[in-house]
Amino acid sequence: MAKAPRCGPYICGIDAALDVVSGKWKGLILWELDAHGVRRFAELRRGLPGVSEKMLTQHLREMEKDGLVHREVYAEVPPRVEYSLTEHGHTLNQALAPLGAWGSERTRREGLEVVDVAETSHG
């Protein structure tokens, strides 16, 4: 069943913003692309431990449709596809920065476990 397009009506700005970042992986995709600029699919998948190929593909398609992610396909053999943030994606990532700071403080305050992505993506 196809998901309804994200086009409101919305109660407030937070409602509209959360609509485009809903889902476990979208915020992390924004973070990964912001941190690394351009990523190929396999690089994104390695940087997001636990994401399935199906879910990553679905989220990238939705984010491209929402104007957050640019998908560049190169006419090479084998084909090369690269993903990067659009200007709209960068502004959303900047808007999420205070939320990330709040989350980091929460993990510190409550002693919650944090995954070391550097170890999981290179191990």
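Taking an unreviewed UniProt entry as the reference, the protein is identified by name as Helix-turn-helix transcriptional regulator belonging to Streptomyces piniterrae.

Two quantities define a packed helix pair, namely the angle between the helix axes and the distance between the axes. With their axes 10 Å apart at the nearest point, helix α2 (residues 26-36) and helix α5 (residues 87-110) run at an angle of 110 degrees to one another. Judged on the interaxial angle alone, α5 and α2 are roughly perpendicular. The segment α2 lies against α5, with L30, W31 and D34 engaging G89, H90, L92, N93 and L96.

Taken N-terminus to C-terminus, the directions of α2 and helix α4 (residues 53-65) make an angle of 75 degrees; their axes are 10 Å apart at the nearest point. Relative to α4, the element α2 lies roughly perpendicular. Here α2 contributes K26, I29 and L30 to the contact with α4, which in turn contributes L56, H59, L60, E62 and M63. Class assignment for the residues of the contact of α2 with α4 results in 5 nonpolar, 1 polar and 2 charged.

What follows covers the pattern of salt bridges. Applying the stated criterion to the full structure yields 8 salt bridges. Salt-bridge contacts for R45 lead to E53; the nearest nitrogen and oxygen are separated by 3.8 Å. Several salt bridges share partner residues, and in doing so they unite E76, R80 and E82 into one network.

With that settled, the discussion passes to unusual backbone geometry. That bond from V77 to P78 is cis: its omega, -5 degrees, falls within 30 degrees of zero. Mapping P78 onto the fold places it in the loop between β2 (69-74) and β3 (80-85).

With that settled, consider the environment of R108. In this fold, R108 is placed in helix α5. Among the polar contacts listed, one links the side chain of R108 to the side chain of E105, at a separation of 2.4 Å.

With that settled, consider the sheet that holds β2. On the basis of which strands lie adjacent, the open sheet formed by 3 strands has the order β1-β3-β2 and antiparallel pairing. The outermost strands of the open sheet, each flanked by one partner alone, are β1 (38-40) and β2. Strand-to-strand twist across the sheet, computed as the mean angle between neighbouring axes with direction ignored, equals 30 degrees. In this structure, β2 lies alongside β3, joined through 6 bridges in antiparallel fashion. Within β3, the residue paired with Y74 across the bridge is R80. Set on the sheet, α2 makes contact with β1, β2 and β3; between it and β3 the angle comes to about 95 degrees.

Core analysis: the biggest nonpolar cluster contains 18 residues, and I29, L33, L56, L60, V69 and Y83 have the highest contact counts within it. Setting aside anything within four residues of it in sequence, one finds L33 in contact with R39, L44, V69, Y83, S84 and L85.

Right, let's talk about α2 for a bit. Turning to α2, its buried residues number three or more, namely K26, I29, L30, E32 and L33. Along α2, the residues classed as buried sweep out an arc of 165 degrees about the axis, all on the same side. Taken from the residues just after α2, G37 is the one with a positive phi, measuring 80 degrees.

Conventions adopted
Residues numbered from 1 in each chain as written. Predicted model: local features only at pLDDT ≥ 70, side-chain atom pairs only at ≥ 80, totals over all residues. Heavy atoms only, no water. Axes fitted to C-alpha atoms, helices over the stretch in contact; angles between N-to-C directions. Helix = DSSP H or I, 4+ residues; strand = E, 2+ residues; numbered from the N terminus. Parallel < 35°, antiparallel > 145°, perpendicular 65-115°, else oblique. Contact = heavy atoms within 4.5 Å. Nonpolar A, V, L, I, M, F, W, Y, C, P; charged D, E, K, R; others polar. Salt bridge = Lys/Arg side-chain N within 4 Å of Asp/Glu carboxyl O. Polar contact = N/O pair within 3.5 Å; in protein donor to acceptor, adjacent residues only side chain to side chain. Pairing = 2+ DSSP bridges. Core = buried A, V, L, I, M, F, W, Y, C linked by side-chain atoms within 4.5 Å. Buried < 20%, exposed > 50% of the residue type's maximum accessible area, 1.4 Å probe, protein only. Arc of directions from axis to C-beta.

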